[in-house]
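# Descriptive analysis of the structure
Listed below are the residues making up each chain.
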Amino acid sequence: LIASFLLVFCGVAVWQVLSIPESSIQSEVGPILAPAILVALLSLLGVFYLLSAISNKAPDCIHQEEDQPLKGGAKRVTYLLGGGLAFVLLAKLIGFLIPATLCGLGVSMAFDAKFNFKTLLMVFAISGAFWTLFSAILGVDLGPLVNFSF
């Protein structure tokens, strides 16, 4: 089941990679290369994981008596996927900062961070730092930092 969701997520990632615009600067390495390699490798690993899960060769802590999965697994996955989905759906509409903050918040809450002002401020600062480094300094087009002109 998880492997199937992973492959669906990889399909969404392929769609996003294919929507990256080509760079106007002529170079051998364009903006699509690194994300395309990463998505291809993750998709390949997803296929291997699906095959191992189907053949019951995938290790699972449920089968070990001394190990137990962490509680709240569905909630963790919801936070993680919800944050990623919020970024994918909102980034082109309202800019980079707020969707990246929501994505970071989803990831942090999936790993047991508390939803409070400190966590929100940290993911907001990290999102702003990423945009500043990649878009403002390195010239990677991440879109506007904030866009409220609907």
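One structure accompanies this document, and this report is about it. The model shown is predicted, which means the values in this text are computed figures rather than measured ones. (Residues numbered from 1 in each chain as written. Predicted model: local features only at pLDDT ≥ 70, side-chain atom pairs only at ≥ 80, totals over all residues. Heavy atoms only, no water.)

### Remarks on the overall build of the chain
Stated precisely, the cut-off is as follows: Going along the chain from the N terminus, every DSSP run of H or I of four or more residues is numbered as a helix, and every run of E of two or more is numbered as a strand. It only takes one pair of heavy atoms within 4.5 Å for two residues to be counted as in contact. Surface exposure here means Shrake-Rupley accessible area, sampled with a 1.4 Å probe, where a residue is shielded only by the protein chains that are shown.
In terms of regular secondary structure, the chain is built from 5 helices and 0 strands. Of the contacts formed within the chain by residues at least 6 apart in sequence, a portion of 51% connects residues at least 24 apart. Accessible surface, the chain as shown: approximately 11,100 Å² in total, 73% of it carbon and sulfur.

### A short note on helix 2 (residues 33-54)
Formally: For a helix, the expected span equals 1.5 Å multiplied by the number of residues minus one.
With 22 residues, helix 2 extends 32 Å between its outermost C-alpha atoms, agreeing within 8% with the 32 Å of an ideal straight helix rising 1.5 Å per residue. Turning to helix 2, the residues buried within the fold contact helix 1 (2-18). Backbone geometry just after helix 2 places Asn-56 at a positive phi near 60 degrees.

### Points about the layout of surface pockets
The method is simple in principle: a probe with the dimensions of a water molecule rolls over the atoms, and the space it marks as empty is what remains. Condition: Here a cavity is any set of points on a 1 Å grid over the protein atoms alone where a 1.4 Å probe fits but cannot get out, and a pocket is any open set with protein on both sides within 12 Å along at least 5 of 7 lines; a residue lines the site when it has an atom within 4 Å of a point. Grid points are joined across faces, edges and corners, and a volume is the space filled by probe spheres set on the points. Polar here means any residue other than Ala, Val, Leu, Ile, Met, Phe, Trp, Tyr, Cys and Pro, which are nonpolar, and Asp, Glu, Lys and Arg, which are charged; Gly is therefore polar.
The computed volume of the largest pocket comes to approximately 1,800 Å³. Lining of the largest pocket is provided by 44 residues; of these, Ile-20, Pro-35, Phe-87, Phe-96 and Leu-142 occupy positions nearest its centre. When residues of the lining of the largest pocket are traced back to their parent elements, those giving at least two are helix 1, helix 2, helix 3 (73-94), helix 4 (97-110) and helix 5 (117-137). Split by residue class, the lining of the largest pocket holds 31 nonpolar, 10 polar and 3 charged.

### Let's talk about unusual backbone geometry
Both trends apply: most residues other than glycine have a negative phi, and most peptide bonds are in trans. This is how it is decided: Each residue is placed in one exposure class: buried if its accessible area under a 1.4 Å probe, protein chains only, is under 20% of its type's maximum, exposed if it is over 50%, and partly exposed if it falls in between.
Phi at Asp-112 takes a positive value of approximately 75 degrees, unusual for a residue other than glycine. By secondary structure assignment, the location of Asp-112 is in the loop between helix 4 and helix 5. By relative accessible area, Asp-112 is classed as exposed at 52%.

### Focus: the packing of helix 4 against helix 5
For any two helices packed against each other, the geometry is given by the interaxial angle and the distance between the axes. This is how it is decided: Axis definition: a line fitted to C-alpha atoms, limited for helices to the stretch in contact. Angles are taken between N-to-C directions and run from 0 to 180 degrees. Working definition: roughly parallel below 35 degrees, roughly antiparallel above 145 degrees, roughly perpendicular at 65 to 115 degrees, and oblique for all remaining angles. By definition, turning the near helix anticlockwise from the far helix through less than a right angle yields a left-handed crossing, and turning it clockwise yields a right-handed one.
Packing of helix 4 against helix 5 brings their axes to within 8 Å, and their N-to-C directions diverge by 130 degrees. The orientation of helix 4 with respect to helix 5, classified from their angle, is oblique. The way helix 4 lies across helix 5 gives a crossing that is right-handed. Contacts between helix 4 and helix 5 pair Leu-97, Ala-100, Thr-101, Gly-104, Leu-105 and Ser-108 from the former with Thr-119, Leu-120, Val-123, Phe-124, Ser-127 and Gly-128 from the latter. Per-class residue counts for the contact of helix 4 with helix 5 are 6 nonpolar, 6 polar and no charged.

### Considering the packing of aromatic side chains
The following threshold applies: Only rings of Phe, Tyr and Trp enter the pairing, Trp through its six-membered ring, and a pair is recorded when the two centres are within 6.5 Å. The plane angle decides the type: under 30 degrees is stacked, over 60 is edge-to-face, the rest tilted.
All chains considered together, the criterion is met by 2 aromatic pairs. Pairing Phe-87 with Phe-96 gives two aromatic rings, centres 5.7 Å apart and planes at 85 degrees, and the pair type is edge-to-face. For Phe-87, a relative accessible area of 26% corresponds to the partly exposed category. Owing to a relative accessible area of 9%, Phe-96 belongs among the buried residues under this scheme. Relative to Phe-134, the ring of Phe-130 has its centre 6.0 Å away and its plane inclined at 45 degrees; by these criteria the two rings are tilted. Taken together, the residues span about one helical turn, with Phe-130 and Phe-134 both in helix 5 at a distance of 4 residues. Phe-130 gets classed as partly exposed once you look at its relative accessible area, which sits at 47%. Classification of Phe-134 by relative accessible area gives partly exposed; the value is 33%.

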